[in-house]
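# Coordinates in review
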Amino acid sequence: NLIIMKKPLPLPTQERLQYLLYYNEKTGKLYHRFRRTQGKIGQSGTITETGYLLHSVDGSIYRTHRLIWMYMTGEDPGQMMIDHINGDRSDNRFSNLRKVTRKQNGDNQPRVKGYTWNKLVGKWQAQIQHHGKFKNLGYFDNEADARAAYVKAKVELCGDCCPENIKAEFAPAQ
């Protein structure tokens, strides 16, 4: 199955966004400065069923976190992704956003996968995918050990883009 990703629309300029919108860095909320034809001054945006906020600017619809990136940095991320560090797609505080590659964004999934019960062997098997290839991390007598092996490998491979909950799970006890 081939997945074709639509190329993101070029964003309005930073100057245009700062003229039309007001961004509250503390809350991550974006507000219209002017009354629109069928709208009102104030907070705007629509939440999608996948949890992203969308905003309309000059007749085009954009993901809010991409607009905020441009608003704050003056940089259109283009094909790069804007990741929500804490995994909450509606948390658009600038401190919670970072520019990443598509692969890094895919690695930043808060769920832990990568281990399963192997009926043939009668043990828990841990494995991880890296650069399109699966690496077997071993077979384990219990689920906790298989999970720990996967989490350790994920943190080593993903580095800074690893989800906070997984990094915290791997961090040595102090």
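The following paragraphs examine the structure supplied in this document. None of these values were measured; they are calculated from a predicted model.

Basis of the calculations
Residues numbered from 1 in each chain as written. Predicted model: local features only at pLDDT ≥ 70, side-chain atom pairs only at ≥ 80, totals over all residues. Heavy atoms only, no water. Salt bridge = Lys/Arg side-chain N within 4 Å of Asp/Glu carboxyl O. Helix = DSSP H or I, 4+ residues; strand = E, 2+ residues; numbered from the N terminus. Buried < 20%, exposed > 50% of the residue type's maximum accessible area, 1.4 Å probe, protein only. Pairing = 2+ DSSP bridges. Patch = residues over 30% accessible without salt bridge, like charges linked within 9 Å, V, L, I, M, F, W, Y side chains within 5 Å. Areas by Shrake-Rupley, 256 points an atom, 1.4 Å probe, with all protein chains shown as cover. Expected span 1.5 Å × (residues − 1). Polar contact = N/O pair within 3.5 Å; in protein donor to acceptor, adjacent residues only side chain to side chain. Axes fitted to C-alpha atoms, helices over the stretch in contact; angles between N-to-C directions. Contact = heavy atoms within 4.5 Å. Phe/Tyr/Trp six-rings, centres within 6.5 Å; stacked < 30°, edge-to-face > 60°. Lys NZ or Arg CZ within 6 Å of the ring centre and 35° of its normal.

## Here's the deal with the pattern of salt bridges
Side chains carrying opposite charge are able to pair once their charged atoms draw close together. The tally for this structure, following the rule as stated, stands at six salt bridges. Across the salt bridge formed by Asp 83 and Arg 98, the nearest N and O atoms sit 2.9 Å from each other. Placement of Asp 83 in strand 7 (residues 81–84) and of Arg 98 in strand 8 (residues 97–100) is noted, with a sequence separation of 15 residues between them. No difference in accessibility class separates Asp 83 from Arg 98, as the two residues are buried.

## A closer look at the pairing of strand 5 (residues 53–57)
Only one face of strand 5 is covered, namely the face carrying Leu 53, His 55 and Val 57; the face carrying Leu 54 and Ser 56 is uncovered. Sheet topology places strand 4 (residues 46–47) next to strand 5; two bridges connect them, and they run antiparallel. Bridge assignment links Ile 47 to a residue of strand 5, and that residue is Leu 53. Where strand 4 hands over to strand 5, the hairpin turn is made up of five residues, of which Gly 51 adopts a positive phi near 95°. Direction of pairing for strand 5 relative to strand 6 (residues 60–63): antiparallel, over a ladder of four bridges. Its bridge partner lying in strand 6, Leu 54 is registered against Arg 63. Between the end of strand 5 and the start of strand 6, which pair antiparallel, lie two residues, with Asp 58 showing a positive phi angle near 50°.

## With respect to a nonpolar patch on the surface
Together, Leu 120, Val 121 and Tyr 139 line one region of the surface with nonpolar side chains, adding up to about 340 Å² of accessible area. Positionally, Leu 120 belongs in the loop between strand 9 (115–118) and strand 10 (123–130).

## As for helix 4 (residues 143–158)
Helix length check: helix 4 (16 residues) gives 22 Å between terminal C-alpha atoms against 22 Å at 1.5 Å per residue, within 8%. Here helix 4 has its buried residues at Ala 146, Ala 149, Tyr 150, Val 151, Ala 153, Lys 154, Val 155 and Cys 158. Of the residues flanking the start of helix 4, the one acting as N-cap is Asn 142, its side-chain oxygen 3.3 Å from the backbone nitrogen of Ala 144. Gly 159 sits one or two residues past helix 4 and shows a positive phi near 60°.

## Side note on the sheet that holds strand 9
Spatial strand order, 9-10-11: three strands in an open sheet with antiparallel pairing. Taken across any chain shown, the strands that pair with only one partner, and hence form the sheet edges, are strand 9 and strand 11 (133–140). Across this sheet, the average inter-strand angle for adjacent strands is 30°, counted without regard to direction. Its contacts with the sheet place helix 4 against strand 9, strand 10 and strand 11, and it is angled at close to 10° to strand 10.

## Structural notes on the packing of aromatic side chains
All chains considered together, the criterion is met by six aromatic pairs. Residue placement shows Arg 63 over the ring face of Tyr 52; its charged tip is 4.0 Å from the ring centre.

## Quick look at the sheet that holds strand 4
If you trace the three strands from one edge of the open sheet to the other, you get 4-5-6, paired in antiparallel fashion. Of all strands in the sheet, those with a lone pairing partner are strand 4 and strand 6, marking the two edges.

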